[in-house]
Amino acid sequence: MTLTIGDTAPDFEAETTEGTIRFHDWLGDSWGVLFSHPRDFTPVCTTELGYMASIKPEFDSRGVKIIGLSVDPIDNHEQWSRDIAETQGTAPNYPMIGDPEFKVSKLYGMLAEDVSGDPTERTPADNQTVRNVFVIGPDKKIKLVLVYPMTTGRNFDEVLRVIDSLQLTANHKVATPAQWQQGDDVIIAGSVSDDQAREMYPDGWESPRPYIRIVPQPDRQPAGSRGA
Ligand code: BEZ
């Protein structure tokens, strides 16, 4: 199954480094980020897991729960965590799903349905499609899917930036332009007519073309108060 924006994130039960979870119950009313890894003890993923641990406070402050997944069993995750702490300076401080039966990887469309066998006999390259980032909203709908190649470490600051945009645009009828960062100007959503926009923005808007209506970010936070 290919999952895309707007689909309900499939629910599942899984063993994690912090105990058994039922995914939707674990998410509760929070936003969530599920990020996946093809095997434990892989170099690029080692750096990613350490970096995610170092910026977890940024996710916490946005009300976002983070959870990793790797195809190995959780015993291997425990040993890998020690390597991550020693080499990256921060051990994973979030749950890591063990997926040795490929259940979640298949449910989320990252491995083919016919994959089977001993997970420890599969190479990282065999599982190279298990390198996704899913951002999930409090409504359990998928808001973002990123798929990375095995040789490119993920930019998790970009994930935070998208979450800032998603949370802003969930609450205001605006969209965010290219390279937008928290506090930058935004675009009035296309669903808002000019008459409605005049009521919402009595001071007007900047309009280089009639279809581009630029206004300051609503509820703009003071500079430096949020963001990685
Ligand atoms: C890694 O370095 O994390 C990696 C290596 C091979 C396949 C997938 C990931």
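Every chain is numbered independently, its residues counted from 1 as its sequence is written. Given that this is a predicted model, residues contribute local features only at a pLDDT of at least 70 and side-chain atom pairs are listed and counted only at 80 or more, while totals for whole chains, interfaces and linings are drawn from all residues. Heavy atoms from the whole structure form the basis of all side-chain values; hydrogens and water molecules are not counted.

Colleague: Teacher, can you tell me more about the environment of Glu18 here?
Modeller: Within the element layout of this structure, Glu18 appears in the loop between strand 1 (13–16) and strand 2 (19–22). Here the term buried applies to any residue with accessible area under 20% of the maximum for its type, exposed to any over 50%, and partly exposed to those in between, with areas from a 1.4 Å probe on protein chains only. By relative accessible area, Glu18 is classed as exposed at 52%. Spatially, the C-alpha atoms of Glu18 and Pro95 are 5.4 Å apart, while their sequence positions differ by 77 residues. Two residues form a contact once any of their heavy atoms are found within 4.5 Å. Leaving out residues up to four positions away in the same chain, Glu18 has contacts with Asn93, Tyr94 and Pro95. Numbered from the N terminus, helices here are DSSP runs of H or I no shorter than four residues, and strands are runs of E no shorter than two.

Colleague: Would you explain the site of the ligand in this entry?
Modeller: For the ligand, the full set of nearby residues is Pro38, Thr42, Pro43, Val44, Cys45, Pro124 and Met150. Within the side chain of Thr42, one N or O atom sits 3.2 Å away from an oxygen atom of the ligand. Think of a polar contact as two N or O atoms within 3.5 Å of one another; within protein, one of them needs to be a possible hydrogen donor and the other a possible acceptor, and neighboring residues in sequence only count if both atoms come from side chains. Here an oxygen atom of the ligand sits 2.8 Å away from a polar atom, N or O, in the main chain of Cys45. Only the protein chains shown count as cover for residues, with accessible areas throughout obtained via the Shrake-Rupley method and a probe of 1.4 Å. About the coverage of the ligand: the protein hides 88% of its 260 Å² of free accessible area. Any residue with a heavy atom lying within 4 Å of a molecule or strand is counted as near it.

Colleague: Looking at this structure, I do not really get the environment of Gln181. What am I missing?
Modeller: Checked against the element boundaries, Gln181 lands in the loop between strand 8 (174–175) and strand 9 (186–188). Here Gln181 falls in the partly exposed class, since its relative accessible area comes to 44%. Note: C-alpha distance between Gln181 and Val162 (19 residues apart in sequence) is 9.0 Å. Beyond its immediate sequence surroundings of up to four residues, Gln181 is in contact with Arg161 and Gln217.

Colleague: Looking at this model, I keep getting lost on the nonpolar core. Mind explaining?
Modeller: Soluble globular proteins tend to bury their nonpolar side chains together. Counting 26 residues, the largest nonpolar core has Val33, Phe35, Met52, Phe59, Tyr94, Val135 and Val159 as its most contacted members. Elements represented by at least two residues in this core include exactly strand 3 (31–37), helix 2 (43–54), strand 4 (64–70), helix 4 (74–88), strand 6 (132–136), strand 7 (142–147) and helix 6 (156–171). For this core, the element with the highest residue contribution is helix 6, accounting for six residues. In this structure, Val33 is in contact with Met52, Phe59, Val64, Lys65, Ile66, Ile67, Val133, Phe134, Val135, Val159 and Ile163, ignoring residues within four places of it in sequence. By nonpolar core is meant a set of buried Ala, Val, Leu, Ile, Met, Phe, Trp, Tyr and Cys residues that side-chain atoms within 4.5 Å join together. Among the nonpolar cores identified, the runner-up in size contains 23 residues, and Ala9, Ile97, Val104 and Leu111 belong to it.

Colleague: Teacher, can you tell me more about helix 4 here?
Modeller: Spacing of three or four residues puts side chains on the same side of an α-helix, whose turn is 3.6 residues. Between the first and last C-alpha of helix 4 there are 20 Å, a value that for 15 residues agrees with the 21 Å anticipated at 1.5 Å per step. Of the positions making up helix 4, those classed as buried are His77, Trp80, Ser81 and Ile84. Summarising the axial view, the buried residues of helix 4 lie within an arc of 120°, below the 170-degree limit, and thus occupy one face. For helix 4, the exposed residues lying more than 90 degrees away from the buried face are Asp75, Arg82 and Glu86. In this fold, the buried residues of helix 4 make contact with helix 2, strand 4 and strand 5 (96–98). Expected helix span is taken as 1.5 Å per residue step, with the number of steps being one fewer than the number of residues. Think of it as the arc spanned by the lines of direction from the helix axis to the C-beta atoms.

Colleague: Can you help me understand helix 2 in this one?
Modeller: With 12 residues, helix 2 extends 17 Å from end C-alpha to end C-alpha; this agrees with the ideal 16 Å at 1.5 Å per step. Turning to helix 2, its buried residues number three or more, namely Cys45, Thr46, Glu48, Leu49, Gly50, Met52 and Ala53.

Colleague: What exactly am I supposed to notice about the side chain of Arg161 here?
Modeller: With respect to the secondary-structure elements, Arg161 resides in helix 6. Contact partners of Arg161, with chain neighbours within four places excluded, come to Pro177, Gln179, Trp180 and Gln181.

Colleague: Would you mind showing me how to read the packing of aromatic side chains here?
Modeller: To describe a pair of aromatic rings, one takes the distance between the centres and the angle between the planes. Only Phe, Tyr and Trp rings take part, Trp by its six-membered ring, and two of them pair if their centres are within 6.5 Å. Stacked means planes under 30 degrees apart, edge-to-face means over 60, and tilted covers everything else. Taken as a whole, this structure holds seven aromatic pairs when the rule is applied. Seen from their ring centres, Phe35 and Tyr94 are 5.6 Å apart, and the 65° between their planes marks the pair as edge-to-face. Separated by 59 residues along the polypeptide, Phe35 in strand 3 and Tyr94 in the loop between helix 4 and strand 5 bring together distant segments of the chain. Each member of the pair, Phe35 as well as Tyr94, carries the same accessibility label: buried. A ring pair is formed by Phe41 and Trp80, whose centres lie 6.2 Å apart and whose planes are at 50°; its orientation type is tilted. With Phe41 in the loop between strand 3 and helix 2 and Trp80 in helix 4, this pair connects stretches of sequence that are 39 residues apart. The class for Trp80 is buried, based on a relative accessible area of 1%. Taking the ring centre of Trp26 as reference, the NZ or CZ of Lys65 above it sits at 5.3 Å. Any Lys NZ or Arg CZ that is within 6 Å of a ring centre and within 35 degrees of that ring's normal is treated as a charge sitting over the ring.

Colleague: Would you explain the pairing of strand 7 in this entry?
Modeller: For a regular strand, side-chain orientation follows a simple rule: the groups alternate between the two sheet faces. Taken together, the five bridges between strand 6 and strand 7 define a ladder with antiparallel strand orientation. Residue pairing in the sheet places Val133 in a bridge with Leu146 of strand 7. Between the antiparallel neighbours strand 6 and strand 7 lie five residues, among them Lys140 with a positive phi of about 70°. Paired strands, in this sense, are two strands between which DSSP finds at least two bridges.

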